[in-house]
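# A structural walkthrough
Here are the chains, one letter per residue:
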Amino acid sequence: TGWSYSSDLKLKAGRETLISFSINDDDVSNGVLVLSAPPEETAVLPPNRSLELDLKLTDPNGKVHYTETVVVKIQKHITD
């Protein structure tokens, strides 16, 4: 308990944030965090691009930890 989490989706580290995810930590005791974003935000992501995200984890003492960077491939939108 006492941890906080955040995650942004970007073209590359240091670039502007495309989406700041909502994070559900209801199952964190089992090692599960669920990232989500509303459809109106995901629908405007640039198609055919590889985007990057990681998770920023802040422990109860304020020390910051990061996960490995995850690359997300956005495909062409097929439903518009």
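Attention in this report is confined to the structure presented alongside it. (Residues numbered from 1 in each chain as written. Predicted model: local features only at pLDDT ≥ 70, side-chain atom pairs only at ≥ 80, totals over all residues. Heavy atoms only, no water.)

### Some remarks on the pairing of strand β1 (residues 4-10)
With seven bridges joining them, β1 and strand β5 (residues 49-58) adopt antiparallel strand pairing. Each residue of the ladder has a partner; that of S4, found in β5, is T58. Pairing of β1 with strand β2 (residues 17-20) involves three bridges; the strand directions are antiparallel. Looking at the pairing, K10 lines up with T17 of β2. The hairpin turn running from β1 into β2, its antiparallel successor, is six residues long, and G14 in that turn takes a positive phi close to 85 degrees. (Pairing = 2+ DSSP bridges. Helix = DSSP H or I, 4+ residues; strand = E, 2+ residues; numbered from the N terminus.)

### Observations concerning unusual backbone geometry
Positive phi, normally seen in glycine, also occurs at N48, with a value near 60 degrees. Take N48: its relative accessible area is 45%, and that puts it in the partly exposed class. (Buried < 20%, exposed > 50% of the residue type's maximum accessible area, 1.4 Å probe, protein only.)

### Observations regarding the pattern of salt bridges
Enumeration according to the criterion identifies one salt bridge in this entry. The salt bridge involving K12 is made with E52; its shortest N-O contact spans 3.9 Å. On the criterion of sequence distance, the pair formed by K12 in the loop between β1 and β2 and E52 in strand β5 is long-range, its members being 40 residues apart. (Salt bridge = Lys/Arg side-chain N within 4 Å of Asp/Glu carboxyl O.)

### Some words on the side chain of T58
Relative to the assigned elements, T58 resides in strand β5. Residue T58 is classed as buried on the basis of its relative accessible area, which comes to 17%. Apart from residues no more than four positions distant in its own chain, T58 is found in contact with G2, W3, S4, K63 and V64. (Contact = heavy atoms within 4.5 Å.)

### Topic: the pairing of β5
Pairing of β5 with strand β7 (residues 70-74) involves five bridges; the strand directions are antiparallel. Among the inter-strand pairings, L51 is bridged to a residue of β7, identified as V72. As judged from the three bridges shared by β5 and strand β6 (residues 64-66), these two strands associate in the antiparallel manner. Bridging across to β6, L57 finds its partner in H65.

### A look at the layout of surface pockets
Reported here for the largest pocket is a volume of approximately 220 Å³. Taken together, 13 residues form the lining of the largest pocket, with D8, K10, L53, D54 and Y66 sitting closest to its centre. Counting residues per element, the ones that place at least two in the lining of the largest pocket are β1 and β5. Tallied by class, the residues present in the lining of the largest pocket amount to three nonpolar, four polar and six charged. (1 Å grid on protein atoms, 1.4 Å probe; cavity = no way out; pocket = protein on both sides within 12 Å on 5 of 7 lines; lining within 4 Å. Points joined across faces, edges and corners; volume = space filled by probe spheres on them. Nonpolar A, V, L, I, M, F, W, Y, C, P; charged D, E, K, R; others polar.)

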